[in-house]
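Here's the letter readout for the chains.
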Amino acid sequence: MTQAPTPTADTVRQLVRSLLKDSAADSTGPEVLPVAEGGGHSTWWVGTRHVLRLAPDREATLRQRRELRLRDLVRPYLPVAVPTSVAHGEWAPGLTYTLDTKVPGRSGEDQDVSAVGEADLAGLLTGLREVPVRQAEALGVPRTAPRSLEALRRAAERAAERLAAADEFDAARLHQLTQPGAVQLAAQSATAVLVHHDLRGEHLVVSADGRVRGVLDWTDAVLGDPAEDIAGLALAVGAPAAVRAATLAGYGARPCLRGLWLARCDTVVRLAAQLDSRDSGPLPLLRARLRHTWEAILLERVTELRDGDGEL
């Protein structure tokens, strides 16, 4: 198997000069700098107005090609911006690139979301639910089965003991999610929607006033459990804000609580894995996400869900 080439700054500069000939102020073209976060596609800032994403392998190429079509599909349904590609093609044989317009704003990792921004997130969740599933499937967006919350709960219980031993977490807090509770919060049938599936802070573009202005990186999108996006928002903006946004989007108690517990179990498992050198995530970020997801919410006082609560 031929090893894929590694993109370098020179590779990027040559490609950018060929794509932005008319806008270059001189023969060197705009400044290019690697993006520190979200670099799965080897991502580069190009001047102040563009972002270049290079797919590093064939699998990433397939997902990037699908993403270009998917962004066009979802754009009319969403109240926030989706990046637009001004040029795309191959940067190496069989490996694609897309040169996108930069969405103005800051990363959700660095800028808090305001109350009005929560309404933007609600509009995002509402829009995702309205995207025609058949059209997304025709583009090659895969279907995924809902995760077992009971299996995740058991994994989180083991991880919580590891965190407790390291004085990172009170394992007793996980007792809030019981085995009957995990069964009660199982995903409902016939609820598959388009799921971004990576609604982390680095993929939210937030303005200085806390409004959510855009959502980046649609390469992991699937047709599946909407609670996964609620879980992602819990990591990004905290449990109360995520649940408020999901409730405003029309989701009931079951999917909201399911999303919350997916996020809580995930953060416990990932932090424990990092302590055991089985996860490469930065320790401060994993700790921050753990704190976000374990923020208390009023909905947790609900002990009995009505039949059908949260169904679409």
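Residues numbered from 1 in each chain as written. Predicted model: local features only at pLDDT ≥ 70, side-chain atom pairs only at ≥ 80, totals over all residues. Heavy atoms only, no water.

S.K.: So what about the pattern of salt bridges? Which residues, and what values?
M.R.: Taken as a whole and judged by the stated rule, the model has 25 salt bridges. With a closest N to O distance of 2.9 Å, R153 and E157 form a salt bridge. Separated by four residues within a single helix, R153 and E157 lie in helix α5 (residues 149-165), roughly one turn from each other. One salt-bridge network, held together by shared partners, links R53, E67, R71, D100 and D217. (Salt bridge = Lys/Arg side-chain N within 4 Å of Asp/Glu carboxyl O. Helix = DSSP H or I, 4+ residues; strand = E, 2+ residues; numbered from the N terminus.)

S.K.: So what's going on with the environment of Q135? Which residues, and what values?
M.R.: Here Q135 shows up in helix α4 (residues 133-138). Q135 gets classed as partly exposed once you look at its relative accessible area, which sits at 42%. In this structure, the C-alpha to C-alpha distance between Q135 and L73, residues 62 residues apart in sequence, is 8.1 Å. (Buried < 20%, exposed > 50% of the residue type's maximum accessible area, 1.4 Å probe, protein only.)

S.K.: Go over the nonpolar core with me, naming the residues and quoting the values.
M.R.: Across soluble globular proteins, you tend to see nonpolar side chains buried next to one another. In this structure, L194, L204 and V268 are the most contacted members of the largest nonpolar core, which totals 68 residues. Broken down by element, this core gets its largest block of residues, ten residues, from helix α9 (residues 253-275). Non-local contacts of L204, meaning those with residues more than four positions away in its chain, are made with R106, S107, G108, L121, L199, G214, V215, L233, A236 and V237. Counting residues in each nonpolar core, the second largest holds 15 residues, with W44, L52, A87 and Y97 among its members. (Core = buried A, V, L, I, M, F, W, Y, C linked by side-chain atoms within 4.5 Å. Contact = heavy atoms within 4.5 Å.)

S.K.: Could you give an account of the sheet that holds strand β8 (residues 204-206), with specific residues and numbers?
M.R.: An order of β6-β8-β9 is seen for the three strands of this open sheet, with the pairing classed as antiparallel. This sheet does not close on itself; its edge strands, each paired only once, are β6 (106-107) and β9 (212-215). Bridging between β8 and β9 involves three bridges; their strand directions are antiparallel. What sits directly across from V205, in β9, is G214. (Pairing = 2+ DSSP bridges.)

S.K.: For the packing of aromatic side chains, give the residues involved together with the corresponding values.
M.R.: Aromatic ring pairs are described here by two measures, namely the spacing of the ring centres and the angle between the planes. One pass over the full model with this rule turns up two aromatic pairs. Ring geometry for W261 and W294: centres 5.5 Å apart, planes at 90 degrees, overall edge-to-face. Note that W261 is positioned in helix α9 and W294 in the segment after α10 (283-293), a separation of 33 residues in sequence. Summarising the burial analysis for this pair, W261 and W294 share the class buried. Put simply, the rings of F169, W261 and W294 pair up and form one aromatic cluster. If you follow K102 out to its NZ or CZ, it ends over the ring of W45, 4.6 Å from the centre. The ring of Y251 has R129 lying over it, and the distance from NZ or CZ to the ring centre is 4.6 Å. (Phe/Tyr/Trp six-rings, centres within 6.5 Å; stacked < 30°, edge-to-face > 60°. Lys NZ or Arg CZ within 6 Å of the ring centre and 35° of its normal.)

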